[in-house]
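Topology and contacts: notes
Residues per chain, in single letters:
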Amino acid sequence: MREKDNEALSSGPAGQESDSRNRARLRNVSRSLPVALLRTREAVMRQFRPVLRSVDLTEQQWRVLRALDSVPEIDATGLAMATFLLPPSLSRILRDLEKRHLISRRPDPADLRAWLISLTPEGKKVVDAAGVRAETIYAAITDRIGQERLDTLMQLLRDIEQDLNVPLLDDGTETAASQKK
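So, here is what we can say about the structure in this document. Being a predicted model, the structure only gives us computed values, none of them experimental.

1. A short note on helix α3 (residues 33-54)
If you check α3, its first and last C-alpha atoms are 32 Å apart, about what 22 residues at 1.5 Å a residue would give, namely 32 Å. A maximum bend of about 40° is found in α3 at Gln47, where proline Pro50 lies one to four positions downstream. Buried residues of α3: Met45, Phe48, Val51 and Leu52, and no others. Contacts made by the buried residues of α3 are with α4 (59-69) and α7 (121-145). Backbone geometry just after α3 places Asp56 at a positive phi near 55°.

2. Concerning the pairing of strand β2 (residues 103-108)
In terms of strand pairing, β2 meets strand β3 (residues 111-119) through six bridges, oriented antiparallel. Bridging across to β3, Pro107 finds its partner in Trp115. Hairpin remark: β2 followed by β3, antiparallel, with two residues in the connecting loop.

3. As for a nonpolar patch on the surface
A grouping of Leu33, Leu37, Leu153, Met154 and Leu157 is seen on the molecular surface, where their side chains present a nonpolar patch of about 420 Å² in accessible area. Among the secondary structure elements, those contributing two or more residues to the nonpolar patch are α3 and α8 (147-163). For the nonpolar patch, the element with the most residues is α8, which contributes three residues. You can see Leu157 is positioned in helix α8.

4. With respect to the nonpolar core
One finds Leu57, Val64, Leu65, Leu68, Leu79, Leu97 and Ile103 to be the most contacted residues of the largest nonpolar core, which totals 28 residues. Of all the elements in the fold, those that place two or more residues in this core are α3, α4, α5 (76-83), α6 (87-99), β3 and α7. Apart from residues lying up to four places away in sequence, Leu57 is in contact with Leu52, Trp62, Leu65, Leu97, Arg100, Leu102 and Val126.

5. Some remarks on the packing of α4 against α5
The interhelical angle for the contact between α4 and α5, taken along N-to-C directions, is 115°, at an axis separation of 10 Å. For the element pair α4 / α5, the angle class is roughly perpendicular. Between α4 and α5 the crossing geometry is right-handed. Contacts between α4 and α5 involve Arg63, Val64, Ala67 and Leu68 from the first element and Leu79, Ala82 and Thr83 from the second. Within the contact of α4 with α5, the residues separate by chemical class into five nonpolar, one polar and one charged.

6. Let's talk about the pairing of β3
Here is the key point about a regular strand: its side chains alternate between the two faces of the sheet. The pairing of strand β1 (residues 74-75) with β3 spans two bridges and is antiparallel. Of the residues in β3, the one forming a bridge with Ile74 is Ile117.

Criteria and thresholds
- Residues numbered from 1 in each chain as written.
- Predicted model: local features only at pLDDT ≥ 70, side-chain atom pairs only at ≥ 80, totals over all residues.
- Heavy atoms only, no water.
- Helix = DSSP H or I, 4+ residues; strand = E, 2+ residues; numbered from the N terminus.
- Expected span 1.5 Å × (residues − 1).
- Bend = angle between axes of the 7 residues up to and from the residue.
- Buried < 20%, exposed > 50% of the residue type's maximum accessible area, 1.4 Å probe, protein only.
- Contact = heavy atoms within 4.5 Å.
- Pairing = 2+ DSSP bridges.
- Patch = residues over 30% accessible without salt bridge, like charges linked within 9 Å, V, L, I, M, F, W, Y side chains within 5 Å.
- Areas by Shrake-Rupley, 256 points an atom, 1.4 Å probe, with all protein chains shown as cover.
- Salt bridge = Lys/Arg side-chain N within 4 Å of Asp/Glu carboxyl O.
- Core = buried A, V, L, I, M, F, W, Y, C linked by side-chain atoms within 4.5 Å.
- Axes fitted to C-alpha atoms, helices over the stretch in contact; angles between N-to-C directions.
- Parallel < 35°, antiparallel > 145°, perpendicular 65-115°, else oblique.
- Left-handed = near helix turned anticlockwise from the far one by under 90°.
- Nonpolar A, V, L, I, M, F, W, Y, C, P; charged D, E, K, R; others polar.

Written out as structure tokens, the structure reads:
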């Protein structure tokens, strides 16, 4: 982003005074939690993309392979939840990974409408190859920001996820179900 664009976004919307009577005032985009999380995600993923390119995987395909690497097999619903992918996107990704012989699918004996998905030996090789390089990047990130800060960040992210697991109402209050805790 150009410096002057960044400054404009940080200073707030143009014509704010005349519009302020008719609109709720929003915080500057530079102070938006979702945008800050996206900027940080982008900075982190920028480090890992060369590894993914080297094994011809997209970020979403890598998420699927990483999730499958941690279980013997899983159904599509569980995989979608573990990878934060919508079912239509996951279906397309699974089809592509299956064509490349990185995953296999078999009918679930308990529910013949469902499929159980697992890594193939070839898929394990790809995960292992990319994983070695990914761990090197993790080590470099840890060196750059420090183990203590990384641990604190990870704990804060878990805490925030837990705290915000129940949606807020439009007025910022908790839903009745979450207040009963």
